[in-house]
Amino acid sequence: MKRSRGGVHLALVSAALLAASPGGGEAAELAEYDKAASEVATTLIRQFGEAMRREMAKGGPTEVVKVCADLAPELAGRLSREQGWRVTRVGTRVRNPLLGMPDAWEQQVLATFAERAAKGEDLMGMTHSEIVTEPNGRYYRFMKPIVAQPHCLLCHGPAEHVPEEIKTVLKTTYPFDQAIGYQVGDLRGAVSIKRPLGAE
Ligand code: HEC
């Protein structure tokens, strides 16, 4: 009788430990956040793609520069305000350092995306997420690759793909531009989401 009570007690304690351990608890927490973050990232990539096709059909290439320059940050800004998370777009090589430059965590994840792709994994289906602790709290972080499509090369491709009039616009607006020389299928960057979590 005594022994079996002890056994039950021990089982309860280990169940409680398991729930509190970073392994079990965090995995469940991550799965819950992953679903929501994937939805937001996919929405951003889809809306951006639709806007780009629409503007390319309407105007010339210089109008389309506005889509990548204005509309993408605008969409990301709106999603950030609506969700209370930071939703951004970062590049492997950057055109606009203010909005596009990855932080240390993002640089590492971009590098692992490239490694995974080199081993044969499809960039389109890839994501990475983690819960990180920073001086002012815990954050859920998520990234999803942005892959170069044929029409992106007009402004991000090798020099011979970029029409002269676009080169001129890019050169004057972004004198430190590094976001060129991409091929179709290359890792152009990622949607990056940072969601504040309450104190532990
Ligand atoms: C007509 C020109 C043009 C086209 C086409 C274009 N972009 Fe851009 N892209 C830009 C400009 C300009 C910026 C800088 C935006 C800014 O000022 O924040 C940019 C920035 C970006 C960034 C943010 C990182 C950085 O380098 O600053 C990503 C990611 C990106 N583009 C991906 C794409 C993808 C993917 C496509 C194709 C679906 C695409 N772009 C098509 C002009 C273009």
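Refer to the structure presented above.
This write-up is about the structure you can find in this document. Keep in mind it's a predicted model, so treat the numbers as computed, not measured. (Residues numbered from 1 in each chain as written. Predicted model: local features only at pLDDT ≥ 70, side-chain atom pairs only at ≥ 80, totals over all residues. Heavy atoms only, no water.)

### A closer look at the packing of aromatic side chains
Two aromatic rings are characterised by how far apart their centres lie and by the angle between their planes. Scanning all chains against the criterion turns up 1 aromatic pair. Aromatic pair Tyr33 and Tyr140: ring centres 5.2 Å apart, planes at 55°, arrangement tilted. Linking Tyr33 in helix 2 (residues 22–58) with Tyr140 in strand 3 (residues 137–147), this pair joins segments that are 107 residues apart in sequence. As far as burial versus exposure is concerned, Tyr33 and Tyr140 are alike and both buried. The ring of Tyr182 has Arg93 sitting right over it, with the charged end atom 4.0 Å from the ring centre. Its guanidinium or amino end placed over the ring of Tyr139, Lys194 lies 4.6 Å from that ring's centre, counting from NZ or CZ. (Phe/Tyr/Trp six-rings, centres within 6.5 Å; stacked < 30°, edge-to-face > 60°. Helix = DSSP H or I, 4+ residues; strand = E, 2+ residues; numbered from the N terminus. Buried < 20%, exposed > 50% of the residue type's maximum accessible area, 1.4 Å probe, protein only. Lys NZ or Arg CZ within 6 Å of the ring centre and 35° of its normal.)

### Details of the site of the ligand
Neighbouring residues of the ligand: 24 residues in total, closest Cys68, Cys152, Cys155, His156 and Arg188. Taking His156, its side chain carries an N or O atom lying 2.8 Å from a nitrogen atom of the ligand. Residue Tyr174 places a side-chain N or O atom 2.7 Å away from an oxygen atom belonging to the ligand. Only helix 2, helix 3 (61–83), strand 1 (86–91), helix 4 (97–100) and helix 6 (153–156) provide two or more residues apiece to the shell around the ligand. It is helix 3 that provides the largest number of residues to the shell around the ligand, a total of 5 residues. Of the residues that constitute the shell around the ligand, the class distribution is 15 nonpolar, 5 polar and 4 charged. (Near = heavy atom within 4 Å. Polar contact = N/O pair within 3.5 Å; in protein donor to acceptor, adjacent residues only side chain to side chain. Nonpolar A, V, L, I, M, F, W, Y, C, P; charged D, E, K, R; others polar.)

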